[in-house]
Amino acid sequence: MSRWSGVWYAAVAVASTAVIWKGSGFFDGASERLARYYGVPPIIRGAVIAAIGSSMPELSSTVLATVVHGQFDLGVGAIVGSAVFNILVIPAVSALSRRQELEASRELVYKEAQFYMLAVSVLLLTFAFAVIYAPVGNGRLVGTVTRPLALVPVGLYGLYVFIQYQDFADYDGEHLETVAVGRRWLELGLGLVLIVVAVEGLVRAAIGFGDLLGTPSFVWGLVIVAAGTSLPDLFVSLRAVDDGNGGVTSVANVLGSNTFDLLVAVPAGVLVVGAAPVDFAAAVPMMACLTVATLVLFTLLRTDLSLTDREACALLGAYAAFVGWIVLETAGVSGVLPVV
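In this convention, every chain numbers its residues from 1, walking through the sequence in written order. The predicted nature of this model means local features are confined to residues of pLDDT at least 70 and side-chain atom pairs, given and counted, to a pLDDT of 80 or more, with totals for whole chains, interfaces and linings taken over all residues. Values shown for side chains rest on all heavy atoms present in the structure; no hydrogens or waters enter the calculation.

### Quick notes on helix 3 (residues 56-67)
Counted only if it meets this: Counting from the N terminus, the helices are DSSP H or I runs at least four residues long and the strands are E runs at least two residues long. Given a helix with a known number of residues, its expected span is that number minus one, times 1.5 Å. Partly exposed residues are those whose accessible area sits between 20% and 50% of the maximum for their type, while under 20% is buried and over 50% is exposed, using a 1.4 Å probe and protein chains only.
The end-to-end C-alpha distance of helix 3 is 16 Å, a good match for the 16 Å that twelve residues give at a rise of 1.5 Å each. Every buried residue belonging to helix 3 is among Met-56, Pro-57, Glu-58, Leu-59, Ser-60, Ser-61, Thr-62, Leu-64, Ala-65 and Thr-66, and all of these are buried.

### Here we look at the packing of aromatic side chains
Cut-off, in case you're wondering: Here a pair means two rings of Phe, Tyr or Trp (six-membered ring of Trp) with centres within 6.5 Å. Their orientation is stacked below 30 degrees between planes, edge-to-face above 60, and tilted elsewhere.
All chains considered together, the criterion is met by ten aromatic pairs. Residues Phe-72 and Phe-127 carry aromatic rings whose centres are separated by 6.3 Å and whose planes lie at 90° to one another, so their mutual orientation is edge-to-face. Taken together, the positions of Phe-72 in helix 4 (residues 72-98) and Phe-127 in helix 5 (residues 106-133) put the pair 55 residues apart, joining distant regions of the chain. Take Phe-72: its relative accessible area is 3%, and that puts it in the buried class. Residues Phe-129 and Tyr-133 carry aromatic rings whose centres are separated by 5.9 Å and whose planes lie at 55° to one another, so their mutual orientation is tilted.

### Focus on the packing of helix 3 against helix 7 (residues 181-213)
What counts is decided by this rule: For helices, the axis comes from a line fit to the C-alpha atoms of the stretch in contact; other axes are also lines fit to C-alpha atoms, and the angle between any two N-to-C directions lies between 0 and 180 degrees. The cut-offs work like this: below 35 degrees is roughly parallel, past 145 is roughly antiparallel, 65 to 115 is roughly perpendicular, and the gaps in between are oblique. Here a crossing is called left-handed whenever its near helix is offset anticlockwise from the far helix by less than a right angle, and right-handed whenever the offset is clockwise. Here, residues are in contact when the closest pair of their heavy atoms is within 4.5 Å. Three classes are used: nonpolar for Ala, Val, Leu, Ile, Met, Phe, Trp, Tyr, Cys and Pro, charged for Asp, Glu, Lys and Arg, and polar for all others, with Gly counted as polar.
Two elements in contact, helix 3 and helix 7, have axes whose closest approach is 9 Å; the angle formed by their N-to-C orientations is 55°. Taken together, the axes of helix 3 and helix 7 are oblique relative to one another. As for the relative orientation of helix 3 and helix 7, their crossing is right-handed in sense. On the side of helix 3, the interface is formed by Met-56, Pro-57, Ser-60, Ser-61, Leu-64 and Ala-65, while helix 7 contributes Leu-192, Ile-195, Val-196, Val-199, Glu-200 and Val-203. The residue inventory of the contact of helix 3 with helix 7, partitioned by class, reads nine nonpolar, two polar and one charged.

### So, a nonpolar patch on the surface
Going by this rule: Residues form patches when they are more than 30% accessible in relative terms and have no salt bridge. Like charges link within 9 Å. Nonpolar side chains (Val, Leu, Ile, Met, Phe, Trp, Tyr) link within 5 Å. In these tables, accessible area is a Shrake-Rupley quantity obtained with a 1.4 Å probe, and a residue counts as shielded only by the protein chains included in the view. For this analysis, a salt bridge means a side-chain nitrogen from Lys or Arg found within 4 Å of a carboxyl oxygen belonging to Asp or Glu.
Among the surface-exposed residues, Val-67, Val-68, Val-272 and Val-273 lie close enough to one another that they form a single nonpolar patch of about 300 Å² accessible area. Relative to the elements of secondary structure, Val-273 occurs in helix 9 (residues 246-273). According to the relative accessible area criterion, Val-273 is partly exposed, its value standing at 37%.

### As for empty space enclosed by the protein
Selection criterion: Put simply, the grid is 1 Å and covers the protein atoms alone, a cavity is a trapped set of points that fit a 1.4 Å probe, a pocket is an open set with protein on both sides within 12 Å along at least five of seven lines, and lining residues have an atom within 4 Å of a point. Grid points are joined across faces, edges and corners, and a volume is the space filled by probe spheres set on the points.
Inspection of the entire model under this criterion finds one cavity of 30 Å³ or more. One number sums up the size of the largest cavity: a volume of about 40 Å³. Among the secondary structure elements, those contributing two or more residues to the lining of the largest cavity are helix 5, helix 6 (147-169) and helix 9. Tallied by class, the residues present in the lining of the largest cavity amount to nine nonpolar, one polar and no charged.

### Looking at the pattern of salt bridges
For side chains of opposite charge, pairing can occur when their charged atoms come near one another. Tallied over the full model, the rule gives two salt bridges. Notably, a salt bridge pairs Arg-183 with Glu-187, separated by 3.7 Å at the nearest N-O pair. In this pair, Arg-183 and Glu-187 are both assigned in helix 7, four residues apart and thus about one turn of the helix distant. By relative accessible area, which is 54% here, Arg-183 ends up exposed. Overall, Glu-187 belongs to the buried group, its relative accessible area being 14%. Ionic pairing is found between Arg-204 and Glu-200, a salt bridge with its closest N-O pair at 2.6 Å. With Arg-204 and Glu-200 both in helix 7 and four residues apart, this pair spans about one turn of that helix. Overall, the relative accessible area of 15% leaves Glu-200 in the buried class.

What follows is the structure, given as structure tokens:
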């Protein structure tokens, strides 16, 4: 019975990932065409429009995990795992697919990167405030994230959008006139429905694997839900490499998507239900992995403002090490993450 249960959960995860891919294709394609229609500049298309569109799976995973299943940590694990995937895998695959160096801009490396690091710090600080000011009192580092605390990262994202809007206000780009606007908005709605249904399947598969193997479900969120929900980001970035600003738009999408995930997708479930517990002992190692992955990417990008094939392979090797650590945690060898 356990073997067939595992096969069933694996089949659900694969099918859900395929549906997410299809739904995200509708969502991302429509949002990209609408952005071009309204004359949005390339870096904002990557950092805001494409980032939010490709982050719908992550947003859905957090809301469903918290609201439907009462597992906020699973949602956080999915977000962090997805962010690590975005940081290490997407730029590497984008660089290798171009058969030339993936170029970045000074504005991207400094402006977007600095704000993204600020997002990581603010989210971790929010979790620390939850443990300090709203402890659960079970002898562990567990606190309650309330709506007021959840509004802190959301407010920072509002500042991020405002900064991007200031760039947009000074931009005079071409408008794409041959867009069926009404049809594209309908495609946005259809894509969103498909994404929500498929993400629920991924969340159930992660919970099922956790129960089946006696491991915390958020560990499976770091891998199963994260990989499934990150495919749209990979899809958007690979499509962007064909543009003249492909390198900039691709990396901007990664940073913008992760910024949205950390500042909006994570607190979204809390804003719906009102409060949710967070295990600080689990959050810190996960955020540490994300921070290290981010530093590795920024260090490689800063050299000549480009990413070579060798550097891309180094990023893929770093992600392989991350997955290896998750495997050791699942097998009970590492023991860094708390057992619940």
